[in-house]
Amino acid sequence: CFCKGLVLTHVNVKAGERIRVKGKVAPDAKSFALNLGRAGSDLLLHFNPRFDCHGDTRIIVCNSLSGGEWGEELREAEFPFQQGEETKISVAFNAQEVMVKLPGDQEIKFPNRLGLEAVQFLSVEGDFGVKSIKFD
Ligand SMILES: C=CCO[C@@H]1O[C@H](CO)[C@@H](O[C@@H]2O[C@H](CO)[C@H](O)[C@H](OCc3cn(-c4n[nH]c(N)n4)nn3)[C@H]2O)[C@H](O)[C@H]1NC(C)=O
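Just so it is clear, the structure is predicted and the values come from calculations on it, not from any experiment.

Q: Which parts of the structure should I look at to understand the environment of phenylalanine 81?
A: Locating phenylalanine 81 in the fold gives a position in the loop between strand E8 (74-76) and strand E9 (86-93). Using a relative accessible area of 1% as the deciding quantity, one classes phenylalanine 81 as buried. The spacing of phenylalanine 81 and glycine 55 is 26 residues in sequence and 18 Å in space, taken between C-alpha atoms. Every residue in contact with phenylalanine 81, bar those within four places of it in the chain, is listed here: Phe32, Phe47, Pro49, Phe51, Arg58, Ile60, Thr87, Ile89, Leu102 and Pro103.

Q: I keep staring at the pairing of strand E6 (residues 59-66) and nothing clicks. Help me out?
A: For E6, a buried count of 7 out of 8 residues is recorded, marking the element as mostly surrounded by other parts of the structure. Across 6 bridges, the pairing between strand E5 (residues 42-50) and E6 is antiparallel. If you follow phenylalanine 47 over to E6, its bridge partner there is cysteine 62. For E6 and E8, the ladder comprises 3 bridges, and the chain directions are antiparallel. Counterpart to isoleucine 60 in the pairing with E8 is glutamate 76. Of the pairings in the sheet, the one linking E6 to strand E7 (residues 69-70) comprises 2 bridges and is antiparallel in character.

Rules used throughout
Residues numbered from 1 in each chain as written. Predicted model: local features only at pLDDT ≥ 70, side-chain atom pairs only at ≥ 80, totals over all residues. Heavy atoms only, no water. Helix = DSSP H or I, 4+ residues; strand = E, 2+ residues; numbered from the N terminus. Buried < 20%, exposed > 50% of the residue type's maximum accessible area, 1.4 Å probe, protein only. Contact = heavy atoms within 4.5 Å. Pairing = 2+ DSSP bridges.

Set out below in structure tokens:
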């Protein structure tokens, strides 16, 4: 369900700032993921919409990764993505939680399990073509 995509390091996004990702879901998408954290092995958030992957159909899986170990998954059934469509995902965080804003004013909150105050690493992987990334 994954092909390696875009990796940004040293982005130095602080709590209260927002990352806005615009892109297009592949027409035959199985899954894509937005990862942000200290590094690839320490993720504040692995945001993983699954169209058809790992036995999941149209479910958003969120998780953290600490020292390469996955935490407990949070699963969201409200699934605002369509294969082949453009979409916008924005993420902000504070000491307590990560807030993901999705189309249709949907918001997913995920605990800041790593307690990160800044994010250095951002990657987008899977069946998603990034059009723009804005930091504000
Ligand atoms: C029911 C069986 C046991 O539970 C399953 O266990 C799987 C393995 O941990 C879970 O899938 C992982 O879920 C993680 C988030 O919790 C990640 O989505 C993980 O994929 C991350 C990943 C793979 N890759 C990757 N694979 N190959 C390449 N090049 N890159 N990159 N990132 C997935 O492989 C999967 O979500 C989980 N399913 C359930 C229902 O819990």
